[in-house]
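Chain by chain, the residues:
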Amino acid sequence: CLLVFYHQFKLFRGSDRVIDVGSEWRTFSNEKALKDPSRVGDAQNTLLNGGDLTTMISKGTGAASFDEFGNSKYQNRRTMTSSDRAMLNAFKEISTMADRINLPRNIVDRTNNLFKQVYEQKSLKGRANDAIASACLYIACRQEGVPRTFKEICAVSRISKKEIGRCFKLILKALETSVDLITTGDFMSRFCSNLGLPKQVQMAATFIARKAVELDLVPGRSPISVAAAAIYMASQASAEKKTQKEIGDIAGVADVTIRQSYRLIYPRAAELFPPDFKFDTPVDKLPQL
Amino acid sequence: MDQNNSIPAFQGLVASPQGAMTPGMPLFSPMMPYGSGLTPQPVQNTNSLSILEEQQRQQQAQQQQQQAQQASSGTSGQTPQLFHSQAVGGSTTTALPGNTPLFTTPLTPMTPITPATPASETSGIVPQLQNIVSTVNLGCKLDLKTIALRARNAEYNPKVSCDVKFPIRLEGLVLTHQQFSSYEPELFPGLIYRMIKPRIVLLIFVSGKVVLTGAKVRGEIYEAFENIYPILKGFRKTT
């Protein structure tokens, strides 16, 4: 009997879910039409919504659903779960922002979770939701080990860096979490590939930056500036020379800042390069600014 | 004085072109530490001391009204010993001749710093007067506490800067004291340490300079510094 087969199928699947929320198994719709008529509702997003138990009235299809003027008889769907409307809006905004810089799904999910926690706590209720969302995005990138600079988040958000920074600190306090300190290596891969530098140069720049911090040649400098200066030095020593302006554009630092940090690491340039580096321009011919 | 040396660093920060380092906390205004930089000038007439005090208070109240207009970031703790006027948020500060203090000796008013206006080109635009900042050398020591208690619009917020004379590893400090410290090099180059026991905020820099603020009484500052000193010694840079 079909029913028996169905039960056996369920047992075979394993008992992690009591209710199978997928499409009903009996429909063999290979050509996926625009709508799946056997679904009873949207895909569940229980992790993020309060509860998806609402009724939505869709636009009618038959002749009976229109009244005498030609308008649809039943009003279109009302605001579903209006308490979470702002939250859903924020999720949409987060998704848009993340899409602009091609962030993977795990970061977006983490951001959504953070936002939900902050929103439910209500301690930052007065702040603009977009600001909270941007700050959550920043924290999520940090927590996943691939931090983005504040300026990179600013580029995809309408909120100022100052406000994002403020919300960032407030959220850390509200959720009682902390984040790891940023290091120069976190940004090497992204900056170098944006500049089109080969792997050798990227590895050299990573080495230079790490060595510079170890030798404490750049005390008090932002890791981004040090990374940018290291990339400059590595690229100038290789065949792929990049100008300070180009690096500054990618990294979001001013070229004078790169110059400052470069001046600090230049005196000991010879020690900073990795031992197996192939110099296109020798160390003594490196530009001196 | 070594206390004065910390101030230019702050002013440099405020004027930074990167635009990235303006934290939203009210304590970053260029204020002189308590009781410094003032050379008490001899008062000619001892009889007029009380009148002088009265005038000083008026002067301070007037200054503070100006400062209250000026405070965009909510500066708390106003000391009357301003030696630099700060242009706030693009507002034009022009020196009006009529805005000198009400009395002459022994108070010598300093001319406010005017922005360089190019006299050669007439743009036809009349700049709107937003704010007037005037600085004054009061010329004698003031009992700040008494003034703070008696005058309205006055708060007593001593801000002390000092130097531990050795460089500090901020990364280590933030790792161990995570619940108190906040160190974001992208936002601000110093570590912000919020001590609980005496409720003081300390700004700790790599160079070894420390700024303490947020105290109600002077003793709290010293207590906080005594607390933080052994911790900082533990994170001294060894190179």
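This write-up is about the structure you can find in this document.

Reading the values: the criteria
- Residues numbered from 1 in each chain as written.
- Chains lettered and ligands numbered in written order.
- Predicted model: local features only at pLDDT ≥ 70, side-chain atom pairs only at ≥ 80, totals over all residues.
- Heavy atoms only, no water.
- Helix = DSSP H or I, 4+ residues; strand = E, 2+ residues; numbered from the N terminus.
- Buried < 20%, exposed > 50% of the residue type's maximum accessible area, 1.4 Å probe, protein only.
- Contact = heavy atoms within 4.5 Å.
- Areas by Shrake-Rupley, 256 points an atom, 1.4 Å probe, with all protein chains shown as cover.
- Patch = residues over 30% accessible without salt bridge, like charges linked within 9 Å, V, L, I, M, F, W, Y side chains within 5 Å.
- Salt bridge = Lys/Arg side-chain N within 4 Å of Asp/Glu carboxyl O.
- Buried area = accessible area lost by both parts, 1.4 Å probe.

### A closer look at the overall build of chain A
Working step 1: Tallying secondary structure elements over chain A gives 12 helices and 0 strands in all.
Working step 2: Order of helices (α) and strands (β) in chain A, N terminus to C terminus: α-α-α-α-α-α-α-α-α-α-α-α.
Working step 3: Counting across all 289 residues of chain A, residues that qualify as buried make up 38%.
Working step 4: Counting only contacts in chain A whose residues sit at least 6 apart along the sequence, the fraction spanning at least 24 positions is 66%.
Working step 5: Of the roughly 17300 Å² that chain A leaves accessible, carbon and sulfur atoms contribute 53%.

### Observations regarding a nonpolar patch on the surface
All names here are of chain A.
Working step 1: A cluster of nonpolar residues, Val18, Ile19 and Val21, forms a patch on the protein surface that exposes about 320 Å² of accessible area.
Working step 2: When you line up the elements, Val21 lands in the loop between α1 (2–13) and α2 (85–100).
Working step 3: On the basis of relative accessible area, Val21 is assigned to the partly exposed category, the value being 37%.

### Looking at the pattern of salt bridges
A side chain with one charge can pair with a side chain of the opposite charge if their charged atoms come near.
All names here are of chain A.
Working step 1: Considering all chains together, one arrives at 17 salt bridges over all chains under this definition.
Working step 2: Across the salt bridge formed by Glu144 and Arg110, the nearest N and O atoms sit 2.4 Å from each other. Within this pair, whereas Glu144 is found in the loop between α4 (129–143) and α5 (150–155), its partner Arg110 is found in helix α3 (residues 105–121), the two being separated by 34 residues in sequence.
Working step 3: The partly exposed category is assigned to Glu144, whose relative accessible area is 26%.
Working step 4: A salt bridge links Asp280 to Lys241, with the nearest nitrogen and oxygen atoms 3.8 Å apart.

### Looking at the interface of chain A and chain B
Working step 1: Taken together, the contacts link 22 residues of chain A with 18 residues of chain B.
Working step 2: Considering only the surface of chain A that becomes buried against chain B, Lys161(A), Lys169(A) and Leu181(A) emerge as the three largest contributors, covering 31% of it.
Working step 3: There are 2 salt bridges connecting chain A and chain B.
Working step 4: As a salt-bridge pair, Asp216(A) and Lys237(B) come within 3.1 Å of each other at their nearest N and O atoms.

By themselves, these observations are geometric and do not establish any function.
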